[in-house]
Amino acid sequence: MCQFCHQHGDGKKWYLKAEHYSEELLDNLERRHYLQEFLQKYGQADGAKFEQNFQKALQGPAWLRQLIFRFQERRQRRDHFGQVVPLEDLEKVLGLARSIVRIPCICRKMNKGRTDAEYCFGLGLDAEKMLDFKDAFLETFRLGPDDAHFDRLSTAEALDLHRRFEKQGLIHTIWTFKTPFIGGLCNCDRADCLAMLSYRYNFHAFFRAEFVAEVNVDACTGCRECHAQCQFGAIGFSVMDRKTFIDPIRCYGCGICRSACEMDAIHLTPRSEHPLAHNLW
Ligand code: SF4
Ligand code: SF4
């Protein structure tokens, strides 16, 4: 169990607690203000500068960098932090959210200038409840007064979309806005996502999933179809056995590799039960 499970989930998966999607949490003025500021600040920001800051940090002494990163991570855990969630748990998350609104991705806007990449979802942030939020979003993305970008989806529709994203190799992550309120759901790719970029610099903006993947070697044919799916470099190939293996130290438990395996040879196991991965977040 990750830190949030202990802090906010009574030792169970914190993101399966209904109150973390509740209207009461969203009514908190400080949280609403934070959400608006977040959209305005990051929506206008330049992704290239983000990376330059990391590169600058690399030039300083390692001890200082670690100190600053750990301090900032602590702050991030309080304000805006994520966790990888595989499809089976995502289905439960979507069932808990009061509303699901499809929205453009802020990372792809920052990195690629794209305003049409609708890979993200606001949970509980529907138009009536979050007028301010919607206005901030329209302004940030310069979408004009058209609110068609705020499609409200049913749980089944959202799940169906996520199955398609999974085939494309996108990783599902949930995000807090003033933890423990869960207001965002993203579908991330290493090339676009700023949180994934941070991970490359050893700055942690999200937890691994509560799972880790394993290969059933008897079922694996060694076709290697799953290899291209992994964005964390966790999948390897044994030349001797002609089989695929998964490194539990690197695996983030996203489960995306499964969607490429026609032999059904990959499964997720609870991280808490894995002897090597149970303490890796
Ligand atoms: S090996 Fe782990 S991190 Fe890589 S795709 Fe599979 S579940 Fe995700
Ligand atoms: S896709 Fe499945 S069968 Fe093919 S190498 Fe990966 S685990 Fe083995």
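Residues numbered from 1 in each chain as written. Chains lettered and ligands numbered in written order. Predicted model: local features only at pLDDT ≥ 70, side-chain atom pairs only at ≥ 80, totals over all residues. Heavy atoms only, no water.

### What to know about the overall build of the chain
Link 1 in the chain: On a plain count of helices and strands, the chain comes out with 10 helices and 11 strands.
Link 2 in the chain: Scaling as 2.2 N^0.38, a compact globule of 281 residues should have a C-alpha radius of gyration of about 19 Å, and the chain matches this with 19 Å.
Link 3 in the chain: Once the C-alpha set of the chain is aligned to its principal axes, its extents read approximately 60 × 50 × 40 Å.
Link 4 in the chain: A separation threshold of at least 6 residues defines the contact pool for the chain, and within that pool the share at least 24 residues apart is 72%.
Link 5 in the chain: Summed over all atoms, the accessible surface of the chain reaches about 13,600 Å², with 51% contributed by carbon and sulfur.
Link 6 in the chain: Across the chain, the mean location of the 38 positive side-chain charges is 6 Å away from that of the 38 negative side-chain charges. (Helix = DSSP H or I, 4+ residues; strand = E, 2+ residues; numbered from the N terminus. Rg over C-alpha atoms; globule rule 2.2 N^0.38 Å. Contact = heavy atoms within 4.5 Å. Areas by Shrake-Rupley, 256 points an atom, 1.4 Å probe, with all protein chains shown as cover. Lys, Arg positive; Asp, Glu negative; His and termini not counted. Charge placed at Lys NZ, Arg CZ, Asp CG, Glu CD.)

### Let's talk about the site of ligand 2
Link 1 in the chain: Around ligand 2 lies a shell formed by Cys220, Thr221, Gly222, Cys223, Arg224, Glu225, Cys226, Thr244, Cys261, Met263, Ala265 and Ile266.
Link 2 in the chain: Along the lines of polarity and charge, the residues of the shell around ligand 2 split into 7 nonpolar, 3 polar and 2 charged. (Near = heavy atom within 4 Å. Nonpolar A, V, L, I, M, F, W, Y, C, P; charged D, E, K, R; others polar.)

### Re the domain arrangement of the chain
In many reports, interface size means the accessible area that the parts give up when they come together.
Link 1 in the chain: Its domain assignment divides the chain into domain 1 (3–207) and domain 2 (211–273).
Link 2 in the chain: Inter-centroid distance (C-alpha atoms) of domain 1 to domain 2 is 26 Å.
Link 3 in the chain: Facing 20 residues of domain 1, the contacting portion of domain 2 comprises 12 residues.
Link 4 in the chain: For the pair domain 1 and domain 2, the summed buried surface comes to about 1,400 Å²; carbon and sulfur atoms form 55% of the total. (Domains from an automatic or database assignment. Buried area = accessible area lost by both parts, 1.4 Å probe.)

### What to know about the environment of Leu170
Link 1 in the chain: Position of Leu170 among the secondary structure elements: in the loop between helix H9 (155–167) and strand S5 (171–176).
Link 2 in the chain: In this view, Leu170 contacts Arg108, Tyr119, Phe165, Asn187, Cys188, Asp189, Gln231 and Ile256; residues no more than four positions away in its chain are not counted.

### What about the pattern of salt bridges?
Link 1 in the chain: Evaluation of the coordinates by the stated rule reveals 12 salt bridges.
Link 2 in the chain: With its nearest N and O atoms 2.6 Å apart, the salt bridge here joins Arg70 to Glu73. Taken together, the residues span about one helical turn, with Arg70 and Glu73 both in helix H5 (residues 62–79) at a distance of 3 residues.
Link 3 in the chain: When its relative accessible area of 29% is taken as the criterion, Arg70 is described as partly exposed.
Link 4 in the chain: Through salt bridges that share partners, Glu30, Arg78, Asp79 and Lys178 make up one connected network. (Salt bridge = Lys/Arg side-chain N within 4 Å of Asp/Glu carboxyl O. Buried < 20%, exposed > 50% of the residue type's maximum accessible area, 1.4 Å probe, protein only.)

### Observations regarding the packing of helix H6 (residues 87–96) against H9
Link 1 in the chain: With their axes 10 Å apart at the nearest point, H6 and H9 run at an angle of 155° to one another. What the angle tells us is that H6 and H9 run roughly antiparallel. For the pair H6 and H9, the sense of crossing is right-handed. Contact residues: H6 offers Leu87, Leu90, Glu91, Leu94 and Gly95, while H9 offers Thr155, Ala158, Leu159, His162, Arg163 and Glu166.
Link 2 in the chain: Looking at the contact of H6 with H9 residue by residue, the class counts come to 5 nonpolar, 3 polar and 3 charged. (Axes fitted to C-alpha atoms, helices over the stretch in contact; angles between N-to-C directions. Parallel < 35°, antiparallel > 145°, perpendicular 65-115°, else oblique. Left-handed = near helix turned anticlockwise from the far one by under 90°.)

### Some thoughts on the pairing of strand S9 (residues 235–238)
Link 1 in the chain: Covered by surrounding structure in S9 are Ile235 and Phe237 together with Gly236 and Ser238, the residues of both alternating faces.
Link 2 in the chain: Relative to strand S10 (residues 243–246), S9 runs antiparallel, the two being bridged by 4 bridges. Counted as the bridge partner of Ser238 is Lys243 from S10.
Link 3 in the chain: The turn joining S9 and S10, which pair antiparallel and follow one another in sequence, is formed by 4 residues; a positive phi near 60° is taken by Arg242. (Pairing = 2+ DSSP bridges.)

### Here we look at the nonpolar core
Link 1 in the chain: Ranked by internal contacts, the top residues of the largest apolar core, which has 72 residues, are Tyr15, Leu123 and Phe206.
Link 2 in the chain: When residues are assigned to domains, this core turns out to be shared by domain 1 (3–207) and domain 2 (211–273), each giving three or more.
Link 3 in the chain: Membership of the second largest hydrophobic core comes to 9 residues, among which are Leu35, Phe38, Leu39 and Phe177. (Core = buried A, V, L, I, M, F, W, Y, C linked by side-chain atoms within 4.5 Å.)

### Quick notes on the sheet that holds strand S4 (residues 151–153)
Link 1 in the chain: Taken together, 7 strands build an open sheet; the order of strands is S4-S2-S3-S6-S5-S1-S7 and the sheet is mixed. Where the open sheet ends on each side, the last strands, each with one partner, are S4 and strand S7 (206–207).
Link 2 in the chain: Helix-sheet contacts for H9 involve strand S2 (100–103), strand S3 (120–123), S4, S5 and strand S6 (182–188), and the interaxial angle to S4 is about 95°.

### Considerations on the packing of aromatic side chains
Link 1 in the chain: Tallying each qualifying case throughout the model produces 19 aromatic pairs.
Link 2 in the chain: With centroids separated by 5.2 Å and ring planes inclined at 80°, the aromatic side chains of Tyr199 and Phe232 adopt a geometry described as edge-to-face. On the criterion of sequence distance, the pair formed by Tyr199 in helix H10 (residues 194–200) and Phe232 in the loop between strand S8 (211–215) and S9 is long-range, its members being 33 residues apart.
Link 3 in the chain: Over the face of the ring belonging to Phe237 we find Arg224, whose NZ or CZ atom lies 3.7 Å from the ring centre. (Phe/Tyr/Trp six-rings, centres within 6.5 Å; stacked < 30°, edge-to-face > 60°. Lys NZ or Arg CZ within 6 Å of the ring centre and 35° of its normal.)

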